[in-house]
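One-letter residues, chain by chain:
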Amino acid sequence: MLELFSGLGAAGLAWGLPVHAAIDQSANANAAYALSHGLQPKAWNLVGVRAAQLAPFSAEPWWMSPPCQPFTVRGARRDLEDPRTRALLRVLDLLVELRPPVVAMENVPGFVESTTRGHLRATLIGAGYTLSERLLCPTALGIPMRRQRYYLVAQRDGDGRHRADFAPPPPIAPIRPIAAFLDPEPDPELTVDEALVRAHGHSVHFLDTTDPTEIANCFTSAYGRSNVRSGSYLRDRGVVRRFSPEEVVRLLGFPSTWTFPPELSREARWDLAGNSLTVDGVRRVLGDAGVLPVGVGAGG
Ligand SMILES: C[S@@+](CC[C@H](N)C(=O)[O-])C[C@H]1O[C@@H](n2cnc3c(N)ncnc32)[C@H](O)[C@@H]1O
């Protein structure tokens with residue numbers, strides 16, 4: 001497969017196909033990807049990518065996780081006008097030209113109402129793809145973390161019946177206790193002063209590790225920099241602390257053996273984790289669309 005906007009490589013982990021090439025302009029993301037996947041991503045800016053550069057991958061499925069900031073509630077929602085959407089538009093042009101067999105994509109729920117989605121749909125349908133679109137939150141798969149996301153799977157040889165279902169699916173697994181995802185020995189540097197955190201307002205979320213029904217809020221790339229609406233805090237063994245970046249990627253479904261490059265700061269790790277994907281969510285969506293290779297379970 002070809003993994004575009006590859007970040008930490010969650011889609012490659014989920015899809016279970018050999019990754020032929022990954023592309024991302026972030027040096028930190030590429031260092032983490034190279035360490036864990038054993039493949040050095042191409043450090044290209046996709047805004048200027050040429051057909052000849054992607055043509056070698058035209059017979060393979062493409063995954064893309066373009067920037068979500070043009071569509072987030074926290075952002076200005078500049079949509080098609082946001083310069084960060086340009087890379088997606090460029091890839092879309094090349095999709096029409098190179099026509100890979102499968103194209104799959106993830107973004108924030110705000111993408112559903114965007115003009116960019118309308119353009120994406122019209123372009124893919126015009127190029128003969130069958131679309132399947134949905135929203136999925138990892139809580140439906142039993143993961144104790146909210147991270148509702150939009151997913152698209154487009155198939156070149158589909159049945160022509162486009163599906164778009166944005167109703168929350170019924171949970172298919174009971175919520176697992178948050179304690180199962182935590183570091184055995186949390187770093188004391190993660191400890192925070194609860195009174196200081198509370199001073200930032202009521203939208204700060206604390207959860208108790210001894211309560212097996214607790215669910216963490218979505219972690220964003222601002223976790224550690226912003227105290228509000230960027231993720232939850234923990235009451236853990238007598239202290240109040242932040243989640244470590246390693247705990248966040250565990251909640252995202254990365255293997256327990258997965259590690260960041262040692263030279264990356266904690267802030268850089270939170271940034272990459274907050275931008276990443278739920279591996280189980282991706283696998284479920286690809287499995288339901290029937291595009292996982294034989295032997296790779298739908299997960300969850
Ligand atoms: C939502 S994150 C992708 C997360 C990734 N799927 C993962 O598993 O971690 C978006 C990624 O797109 C990259 N990106 C944004 N604009 C880009 C561009 N113009 N060219 C190449 N990469 C870009 C960012 O560096 C970031 O890693």
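Here goes a summary of the coordinates provided. Bear in mind the structure is a predicted one, so any value in this text is a computation, not a measurement.

Next up on the list: the packing of aromatic side chains. Counting across every chain of the model gives 11 aromatic pairs. For the pair Tyr 223 and Trp 270, a centre-to-centre distance of 5.5 Å together with 85 degrees between the ring planes defines the contact as edge-to-face. Placement of the pair is Tyr 223 in the loop between β8 (206-208) and β9 (233-236) and Trp 270 in helix α8 (residues 266-274), with a sequence separation of 47 residues. A single burial state applies to Tyr 223 and to Trp 270, both of which are buried.

We now examine the sheet that holds β8. Ordered by their spatial adjacency, three strands build an open sheet running β8-β9-β10, and the pairing between neighbours is mixed. With partners counted over all chains shown, the strands left at the sheet margins are β8 and β10 (239-242), one partner each. Adjacent strand axes in the sheet meet at a mean angle of 30 degrees, parallel and antiparallel pairs treated alike. Strand direction decides the pairing type here: β8 and β9, joined by three bridges, are parallel. Its bridge partner lying in β9, Asp 208 is registered against Arg 235.

Moving on to the side chain of Glu 133. Structurally, Glu 133 can be placed in strand β5 (residues 130-136). Its relative accessible area of 2% is what places Glu 133 among the buried residues. In terms of polar contacts, Glu 133 uses its side chain to reach the side chain of Arg 121, at 2.5 Å. What Glu 133 contacts, discounting residues up to four positions off in sequence, is Arg 117, Arg 121, Tyr 150, Tyr 151, Leu 152, Arg 163, Ala 164, Asp 165 and Phe 166.

Rules used throughout
- Residues numbered from 1 in each chain as written.
- Predicted model: local features only at pLDDT ≥ 70, side-chain atom pairs only at ≥ 80, totals over all residues.
- Heavy atoms only, no water.
- Phe/Tyr/Trp six-rings, centres within 6.5 Å; stacked < 30°, edge-to-face > 60°.
- Helix = DSSP H or I, 4+ residues; strand = E, 2+ residues; numbered from the N terminus.
- Buried < 20%, exposed > 50% of the residue type's maximum accessible area, 1.4 Å probe, protein only.
- Pairing = 2+ DSSP bridges.
- Axes fitted to C-alpha atoms, helices over the stretch in contact; angles between N-to-C directions.
- Polar contact = N/O pair within 3.5 Å; in protein donor to acceptor, adjacent residues only side chain to side chain.
- Contact = heavy atoms within 4.5 Å.

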